[in-house]
Structure formats: structure tokens, C-alpha cells
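Examination of the molecular architecture
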Amino acid sequence: METKLIDGKKISAEIKEEVKEEVQKLKSKGIAPCLAVIQVGEDPASSVYVRNKKKACEYTGIRFLHEKLPEETDQETLLSRLLEMNEDPSVHGILVQLPLPKHLDEQAVTRAISPAKDVDGFHPVNAGSLFLGEEGFVSCTPAGVLQLLKRSGIEIEGKECVVLGRSNIVGKPMAALLLSENGTVTVAHSRTRNLRDVTRRADILVVAVGKPRFVDDTFIKEGAVVIDVGIHRNEDNKLCGDVDFEKVFSKCSAITPVPGGVGPMTVAMLLQNCVQAARGEMNL
Ligand code: NAP
């Protein structure tokens, strides 16, 4: 059986072109989509992520408002800036780059963003809407995984779907999305017993376990679709995922590589959420 490589670079590029077109249409109606990104402090990894978002916004014509606040910014200052942005009609999407410095309360900050501008989909209103099957912004990484599956022609309905990991930003929303697509969904985590017995049931296995090359061929059913959300640097400073790609490849029917799989989809979905926010049709 030939294994299909799911090309996140190509699929994310298609989505970016769609967003670019949509931005042009909005601009012709007098709406200039704008994403505001607040970054507190100088965390080097965060600076790389913010730069990538900026580049993608500029490519698609979305205005990028980068607000850099000093490391020592207090909670009150950050919250009042967020409230100003909530009120500003020229700002459509707001994102606070995480992690925040330790003295700031991430949960309170996430809740301070208006759900209608919460393009990361982290606000409890949006997280809850997803589980209720209602309209709302969906966390970008799981939304990107769903697009990879759909645009690769992989059917979800009726399939055994196993999500390995239950974080609020990946595992849980991923499970809700697969359920909304009529998959039969199991969520596995660190307390799951006989983990391999669970993952080997999967027709579609989404791995977000946060451990380099944790999943090898012993976790996989022959012919499964394997989506690797993990990103790590290995001993040689090369990128690798949560899945041991070499060991798993020949056993599955389709797989995402790292890099070039899920990674590029996250920013693409953020752009899509920004356009949706700018359209202002979301009932939030
Ligand atoms: P996380 O918050 O660390 O969650 C990891 C999950 O894996 C937890 O639910 C944990 O279970 C479970 N787990 C840990 N060890 C396990 C074990 N030995 N057996 C079974 N389950 C285990 O991670 P995350 O934020 O979801 O991210 C997951 C991975 O995706 C990371 O590598 C991260 O870098 C990557 N990521 C990539 C993108 C992207 O754009 N591609 C975006 C976000 C994250 P418990 O809940 O029981 O502790």
C-alpha cells in the first residue's frame, strides 16, 4: 500500500490565496481587515511566532498591528489596553501571544478579549460554542488539522478517531471538531490505560502528546491516517514531531510530515478567522 504524504505547505498556501481574495473583496466594500497582536516581553520563541503571523498577514493584505509591551507590564495595564481594542471598530481580531510573563494571569487575559474578536478561539464562549455545535471561532491548530483531512479527501464520518492529548488548545477542541464531523471519538491522555490498545483502534489518529517521537509503529493500526501535531527540535537541532515518522510511515495510509504538515496550517487558519471576524457576521 502506498502511503500518502499530507502536504500542509501546499494546503496552507491554497488557504492563504483564498484569504487574499477575500481580503480584496472586503476592502472593496470599505472594510480593511486588521489583526492586533499583543506581545509582552521579549521571549525569543514568541518573537519568531509573531514575525510569522506578521508575514502571513502582510502577504494576504490583512493589516497587522503589533503592540509590544515591556516585560514588567502589569495586569491592569494589559487589560485596559485589551478593552480599548475591544472597543476599536478598526481592529477585527485580537490575539495575546502566549506564554505571558509569570506575574500575569493568562486566564483572565484570555477572558478579557471580546469573543467576537477572539481569533485564537481560546475564550470560554468560543470553546463552549464548539462543544455545543454553535457558531464561534475555533482554535487554529485543530481547525487546521480538520482542513488537512477534508482537503485530502479523508472521510471522517463513522470513522474511529483517536486524539492523543487533551490540552485546551489542541486535544479537546480537536475531539469536538471530529465529533461534529460524525467521527466516533476517543480522547487518550496520560492516565489512559493500555494506550496502544486504544490508539490501535484508530482509523484517524491525531497525536498532540508533546513528546518527541513518542508514537511508533506499535501504536498504529495498518492503514491508519496519522496526523502529527507535535513540534520539537531533536538532538541535531532538526525539527521533529510527536510521531516517529520513519517507523510509522509504511504502516499508515496517510501521514503529515514535520515540518510541513500541521505547522503551516495554524497561521493559515488564524488568517481565515481574521477574515471571518472582519466580515462581522458571527453571532457572538
Ligand atoms: P500539552 O498541553 O503538553 O498536552 C499534552 C497532552 O498529552 C496532555 O493531555 C497529556 O495528558 C498527554 N500526555 C502526556 N504524556 C503522555 C503519555 N505518556 N501518554 C499519554 N498521554 C500523554 O501539549 P499541547 O499544547 O496540546 O501540544 C501538543 C504538541 O503539539 C506539542 O509538541 C506542541 O509543541 C505542539 N503544538 C503544535 C502546534 C502547531 O502549530 N503545529 C500548535 C500547538 C501545539 P494529561 O492531560 O493527562 O497530562
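Up top you'll find the structure we're talking about.
Everything numeric in this text was worked out from a predicted model, so none of it was measured. (Residues numbered from 1 in each chain as written. Predicted model: local features only at pLDDT ≥ 70, side-chain atom pairs only at ≥ 80, totals over all residues. Heavy atoms only, no water.)

Taken together, 22 residues lie near the ligand, and Arg166, Ser167, His189, Ser190 and Thr266 sit nearest. Within the backbone of Val209, one N or O atom sits 3.4 Å away from an oxygen atom of the ligand. The separation between an oxygen atom of the ligand and a polar main-chain atom of Ile231 is 3.3 Å. Isolated, the ligand exposes 930 Å² of accessible area, and the fraction of that covered by the protein chains is 70%. Residues that form the shell around the ligand fall into these classes: nine nonpolar, 10 polar and three charged. (Near = heavy atom within 4 Å. Polar contact = N/O pair within 3.5 Å; in protein donor to acceptor, adjacent residues only side chain to side chain. Areas by Shrake-Rupley, 256 points an atom, 1.4 Å probe, with all protein chains shown as cover. Nonpolar A, V, L, I, M, F, W, Y, C, P; charged D, E, K, R; others polar.)

Attention now moves to helix H5 (residues 124-132). When we look at burial in H5, the residues that qualify are Asn126, Ser129 and Leu130. Buried residues of H5 fall within an arc of 100° about the axis and therefore sit on the same side. Residues Phe131 and Leu132 are exposed on H5 and point more than 90 degrees away from its buried face. For H5, the elements touching its buried residues are helix H7 (171-180). Trailing H5 by a residue or two, Gly133 shows a phi angle of about 75°, which is positive. (Buried < 20%, exposed > 50% of the residue type's maximum accessible area, 1.4 Å probe, protein only. Helix = DSSP H or I, 4+ residues; strand = E, 2+ residues; numbered from the N terminus. Arc of directions from axis to C-beta. Contact = heavy atoms within 4.5 Å.)

Here six strands make up an open sheet; going across it, the order is S1-S11-S8-S7-S5-S6 and the pairing parallel. Since the sheet does not close on itself, it has two edges, and those belong to strand S1 (4-5) and strand S6 (184-188), each with one partner. Bridging between strand S5 (residues 160-164) and strand S7 (residues 204-207) involves four bridges; their strand directions are parallel. Across the sheet, residue Val163 finds its bridge partner in S7, namely Val206. (Pairing = 2+ DSSP bridges.)

Residues apart from glycine generally show negative phi values, whereas peptide bonds are mostly found in trans. The omega angle of the peptide bond from Leu98 to Pro99 is 0°, so this bond is cis rather than trans. Examined against the element boundaries, Pro99 turns out to sit in the loop between strand S4 (93-96) and helix H4 (106-112). With an omega dihedral of 0°, the bond running from Val258 to Pro259 counts as a cis peptide bond. Relative to the helices and strands, Pro259 is located in the loop between strand S11 (254-255) and helix H10 (263-279). A positive phi angle, close to 50°, is found at Arg213, a residue other than glycine. Positive phi values are uncommon outside glycine, yet Asn237 reaches one of about 65°.

Before going further, it helps to spend a moment on the pairing of S7. Here S7 shows a buried face lined by Ile204 and Val206 and a second buried face lined by Leu205 and Val207. As paired strands, S7 and strand S8 (residues 225-228) are joined by four bridges and run parallel to one another. Bridge assignment links Val206 to a residue of S8, and that residue is Ile227.

Here we take up the side chain of Gln39. Looking at where Gln39 falls in the secondary structure, it is placed in strand S2 (residues 34-40). Here Gln39 falls in the buried class, since its relative accessible area comes to 2%. Once residues lying within four places of it in the same chain are set aside, the contact partners of Gln39 are Ser46, Ser47, Val50, His66, Glu67, Lys68, Leu69 and Gln97.

This part covers H7. Of all 10 residues in H7, seven are buried; the element is thus mostly enclosed. Listing the buried residues of H7 in full gives Gly171, Pro173, Met174, Ala175, Ala176, Leu177 and Leu178. Just beyond H7, the residue with positive phi is Asn182, at close to 70°.

Counting buried positions along S2 yields seven of seven residues, so the element is predominantly enclosed. Here S2 shows no split at all, with Cys34, Ala36, Ile38 and Val40 on one side and Leu35, Val37 and Gln39 on the other all buried. Between the parallel elements S2 and strand S3 (residues 63-69), the chain passes through helix H2 (residues 44-60) in a crossover that is right-handed. Pairing between S2 and S4: four bridges, direction parallel. Bridge pairing links Val37 to Leu95 in S4. (Right-handed = clockwise from strand over helix to strand, strands pointing away.)

Okay, the packing of aromatic side chains next. According to the stated counting rule, one finds two aromatic pairs in the structure shown. Aromatic side chains Phe214 and Phe219 sit 5.5 Å apart centroid to centroid with 50° between the ring planes, which places their arrangement in the tilted category. Pairing Phe245 with Phe249 gives two aromatic rings, centres 5.4 Å apart and planes at 40°, and the pair type is tilted. By relative accessible area, which is 29% here, Phe249 ends up partly exposed. Between Lys20 and the ring centre of Tyr59, over which it is positioned, the NZ or CZ distance is 4.2 Å. (Phe/Tyr/Trp six-rings, centres within 6.5 Å; stacked < 30°, edge-to-face > 60°. Lys NZ or Arg CZ within 6 Å of the ring centre and 35° of its normal.)

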